[in-house]
Amino acid sequence: MFPYVIKRVLATIPVMTMVAVVVFAMLRLTPGDPAAILAGDDASGAQLEQIRRTMGLDQPILTQLFVWLKQLLQGDLGVSLISGTPVVSMIGSRVAPTISLALATIVLTIIVAVPMGVVAARRPGKLLDRTVMTFSVMGFSIPTFVIGYLLIYLLSLKLGWFPVQGYSPIEKGIGPFLHRLVLPTIALSGIYVALVARITRSSVIDVMGEDYIRTARAKGARESTVLLRHALRNAAVPIVTVIGIGVASLITGVVVTESVFNLPGLGRLVVEAVLARDYPVIQGLILLFSFTYVLINLTVDILYTVFDPRIRY
Amino acid sequence: MMKTIQNPAVGELPPVGAGIDRKNSTFNQLLLSLKSIPVLVALVVLVTVVVLAAFAPVLGTVDPIAINPGGRFSPISEAYWLGSDAYGRDLYSRLLYGARISLIVGLGAAAASIAAGLVIGVVAGYLKVLDAIIMRVMDGVMAIPSILLAIALVSLTGASLVTVLVAITVPEIPRVVRLVRSIILNVRSEAYVEAAVSLGTPTLRILTRHMVPNTIAPLIVQGTFIFASAILTEATLSFLGAGLPTEIPSWGNMMADGRMYFQLYPGLVLYPGIVLALTLLSVNILGDVLRDVLDPKMAKRT
């Protein structure tokens, strides 16, 4: 197992380097003068000069690339063009709401989607299964922000059960913190639940045809034991994979959900940076989200060997 | 000549030569799937959206961007079939013209990403020298969440229909490249391709006549999903303020405009949101049907 883990960890290096190069190339390959793009239309010559110097745009392109990669390795994401604050500290001050939202969503998804998938897989094609699959297609198709606004409309405006928008830090008490997290979490879970329920269903159905399921039934195991102990456990690998891959749509969802519910997290920071044309911040957040995505999938791949000791590379 | 070389193993990815029988049964299968009520409803919804978009000017609409300070936040009335927004613009007309924008973006992004992905995928699948480099770049692009990549591209190039189309297309390309490349790699070793090579068929002809046709069915399926995801991405970008210029009446822009007044006039956000959701739902349901019929191998996997 150990050589595999090392091999897998090393395999992320080229991917991360490519991400950094792509992000680097985007600004430099966009038609037009990069400094002018960053400064906006009404910048003076002196401002352009200033940006060229701080971003190193006056250097040859290969030098720029090496400086850029070196800074990244040192954890330096540059400074905001607007406030001059280091991007890293901007990220630090906005990370808590995003992590709370993401974790709550993953927990809710697993609690809801895995049982949904297992229940659907018990009798494929029957009413319960079709209902679950209908929910799943709807979860895929209804955009996160539409779910968000429908929830606000029904549960906040009509019924008054939840605050319309906003965030309360966990330090100010767990009650208000959770209360304000409920609607955003449900909205964000939609697509994720759809994804995980679908894959749970199909992998449990696959496993149900195996010999050891017949054996378990033959020895008189209860149906719930067969489903949970034998089927679900062996179906775990694809489910965990999809939870990892789904992080990509989770990240998209975070950006949208934080905007809908006015949560002061990293997703809102993306939108604020776009509206202010603060490119270093956008760039830093893209790198952060992409690296997180790659690292989560690395973790998932390593977890395989724990979930399924048969897997040997 | 082709038919004599064909072997049973080719059955999974039939060459064009085996066309006629299969086409007929494919068509029948598609007809048969219309017996399912959700599929039928999805088809009706999608056709309705297309018809409304195509005939928007003659369906009782007014200028979707005409501002009327006297008619702000009008309720549903004879003049405003679905009410009006903060600028007195007619919501019904904006919804119909918004459908045009969504369909243009969806079709444009699907066509562009498939064209680009097909070329790059064939090159990667056929030329071993370039394969590694191309695929590493694709891995890099795929590791960037597509909405963030699109946001960055739009914020660099400025908002316009073309830049938004490009920004939506670029993140979709790697998945098409992977699909095309894997098919090309698969058929490379097929007997009919080797036979064509040994007969001295020019490379370009082998590619276009014997290899690329295998990608058509999977690409049609992929295309429907890209179509839906492009419509969603455009709406998301516009909703976040990083999409189409605000004067273009797209569904995402309508929702972005309505956000501020949501508590008083929820319809401003909910009408375009619900129409968007219904459209995406229909396309995804029909895409699933297409996949089951055209590409059974892929259907089994999900």
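Residues numbered from 1 in each chain as written. Chains lettered and ligands numbered in written order. Predicted model: local features only at pLDDT ≥ 70, side-chain atom pairs only at ≥ 80, totals over all residues. Heavy atoms only, no water.

A. Spatial organisation of the overall build of chain A. Of regular secondary structure, chain A possesses 14 helices and 0 strands. If you list the helices and strands of chain A from N to C, you get α-α-α-α-α-α-α-α-α-α-α-α-α-α. Taking all 313 residues of chain A together, the buried fraction comes to 50%. Per element, the accessible surface of chain A, about 15100 Å² overall, is 67% carbon and sulfur. Across chain A, the mean location of the 26 positive side-chain charges is 13 Å away from that of the 17 negative side-chain charges. (Helix = DSSP H or I, 4+ residues; strand = E, 2+ residues; numbered from the N terminus. Buried < 20%, exposed > 50% of the residue type's maximum accessible area, 1.4 Å probe, protein only. Areas by Shrake-Rupley, 256 points an atom, 1.4 Å probe, with all protein chains shown as cover. Lys, Arg positive; Asp, Glu negative; His and termini not counted. Charge placed at Lys NZ, Arg CZ, Asp CG, Glu CD.)

B. Quick peek at the overall build of chain B. From N to C terminus, chain B includes 13 helices and 0 strands. Each helix and strand of chain B, ordered N terminal to C terminal, gives the series α-α-α-α-α-α-α-α-α-α-α-α-α. Burial status across chain B gives 52% buried among its 302 residues. Long-range pairs, those at least 24 residues apart, make up 69% of the contacts in chain B between residues at least 6 apart in sequence. Here chain B has roughly 13800 Å² of accessible surface; of this, 69% comes from carbon and sulfur atoms. (Contact = heavy atoms within 4.5 Å.)

C. Helix H13 (residues 266-275) of chain A, seen in detail. All names here are of chain A. Taking burial as the measure, the 10 residues of H13 include 8 buried ones, the bulk of the element. Those residues of H13 that fall on the buried side of the exposure criterion are Leu266, Gly267, Arg268, Leu269, Val270, Val271, Ala273 and Val274. Arg277 sits one or two positions beyond H13 and adopts a positive phi of about 55 degrees.

D. A look at unusual backbone geometry. Residues and elements named next belong to chain A. You will see that Asn262, though not glycine, has its phi angle at about 55 degrees, which is positive. Looking at the element boundaries, Asn262 is found in the loop between helix H12 (247-260) and H13. Even without being glycine, Arg277 reaches a positive phi, approximately 55 degrees. The residue Arg277 is located in the loop between H13 and helix H14 (279-307) in this model.

E. Representation of the interface of chain B and chain A within the structure. Contact with chain B, which involves 43 residues of that partner, is made by 44 residues of chain A. Summed over the three residues of chain B that lose the most area to chain A, namely Leu148, Leu156 and Leu240 of chain B, the buried surface amounts to 17% of that side. Joining chain B to chain A, the criterion identifies 1 salt bridge. Among the ionic pairs, Asp288 of chain B bridges to Arg198 of chain A, the shortest N-O distance being 3.0 Å. If you look at where chain B meets chain A, you find 4 residue pairs in polar contact (both at pLDDT 80 or more). Mapped onto the side of chain B that touches chain A, the elements with two or more residues apiece are helix H5 (128-143), helix H6 (146-157), helix H10 (216-240) and helix H12 (267-294) of chain B. A total of 12 residues in the side of chain B that touches chain A trace back to one element, the largest contributor, which is H12 of chain B. Of the residues that constitute the side of chain B that touches chain A, the class distribution is 29 nonpolar, 9 polar and 5 charged. (Buried area = accessible area lost by both parts, 1.4 Å probe. Salt bridge = Lys/Arg side-chain N within 4 Å of Asp/Glu carboxyl O. Polar contact = N/O pair within 3.5 Å; in protein donor to acceptor, adjacent residues only side chain to side chain. Nonpolar A, V, L, I, M, F, W, Y, C, P; charged D, E, K, R; others polar.)

F. Local environment of the packing of helix H5 (residues 87-122) of chain A against H13 of chain A. Residue and element names in this part refer to chain A. Where H5 contacts H13, the axes come no closer than 7 Å and their chain directions differ by 130 degrees. As judged from the angle between their axes, H5 and H13 are oblique. On H13, the residues touching Met90, Ile91, Arg94, Val95 and Thr98 of H5 are Leu266, Gly267, Arg268, Leu269 and Glu272. Partitioning the contact of H5 with H13 into residue classes produces 5 nonpolar, 2 polar and 3 charged. (Axes fitted to C-alpha atoms, helices over the stretch in contact; angles between N-to-C directions. Parallel < 35°, antiparallel > 145°, perpendicular 65-115°, else oblique.)

G. Quick peek at a nonpolar patch on the surface. On the surface, Leu43, Val47, Val51, Phe55 and Val58 of chain B cluster together to form a nonpolar patch covering roughly 430 Å² of accessible area. Relative to the elements of secondary structure, Val51 of chain B occurs in helix H3 (residues 37-54). (Patch = residues over 30% accessible without salt bridge, like charges linked within 9 Å, V, L, I, M, F, W, Y side chains within 5 Å.)

H. Geometry of the packing of aromatic side chains. This model, assessed by the stated rule, comprises 4 aromatic pairs over all chains. Among the aromatic residues, ring-to-ring pairing joins Phe145 and Tyr149 of chain A together with Phe239 and Phe262 of chain B into one connected group. Against the face of Tyr126 of chain B rests Arg188 of chain B, its NZ or CZ located 5.0 Å from the ring centre. (Phe/Tyr/Trp six-rings, centres within 6.5 Å; stacked < 30°, edge-to-face > 60°. Lys NZ or Arg CZ within 6 Å of the ring centre and 35° of its normal.)

I. Local environment of the confidence of the model for chain A. The pLDDT averaged across chain A works out to 84; a share of 97% of its residues lies at or above 70. Summarising per-element confidence for chain A, the mean pLDDT is lowest in helix H2 (residues 34-39) of chain A (76) and highest in H5 of chain A (91). (pLDDT = per-residue confidence, 0-100.)

J. Region of the structure containing the nonpolar core. Counting residues in hydrophobic clusters, the biggest one holds 159 residues, and the most contacted among them are Met26, Phe145, Tyr149 and Val204 of chain A together with Leu237 of chain B. Those residues in contact with Val204 of chain A, other than ones at most four positions away along the chain, are Val118, Ala121, Leu227, Ala231, Leu232 and Ala235 of chain A. (Core = buried A, V, L, I, M, F, W, Y, C linked by side-chain atoms within 4.5 Å.)

K. Quick look at H12 of chain B. For H12 of chain B, which comprises 28 residues, the first-to-last C-alpha distance of 39 Å matches the rise-based estimate of 40 Å (1.5 Å per residue) to within 8%. A large share of H12 of chain B lies buried, amounting to 23 of its 28 residues. (Expected span 1.5 Å × (residues − 1).)

L. How the structure looks around the pattern of salt bridges. In this structure the tally under the stated criterion is 14 salt bridges over all chains. Residues Arg94 of chain A and Glu272 of chain A are paired through a salt bridge, measuring 3.1 Å at the closest nitrogen-oxygen approach. Residue Arg94 of chain A is located in helix H5, and its partner Glu272 of chain A is located in helix H13; the two are separated by 178 residues in the primary sequence. For Arg94 of chain A, a relative accessible area of 15% corresponds to the buried category. For Glu272 of chain A, a relative accessible area of 32% corresponds to the partly exposed category. Residue Asp257 of chain B pairs with Arg94 of chain B through a salt bridge whose shortest N-O separation is 3.7 Å. Taken as a pair, Asp257 of chain B in helix H11 (residues 251-258) and Arg94 of chain B in helix H4 (residues 91-126) lie far apart in primary sequence, 163 residues in all. When salt bridges that share partners are traced, they join Arg198 of chain A together with Asp288, Arg291 and Asp292 of chain B into one network.

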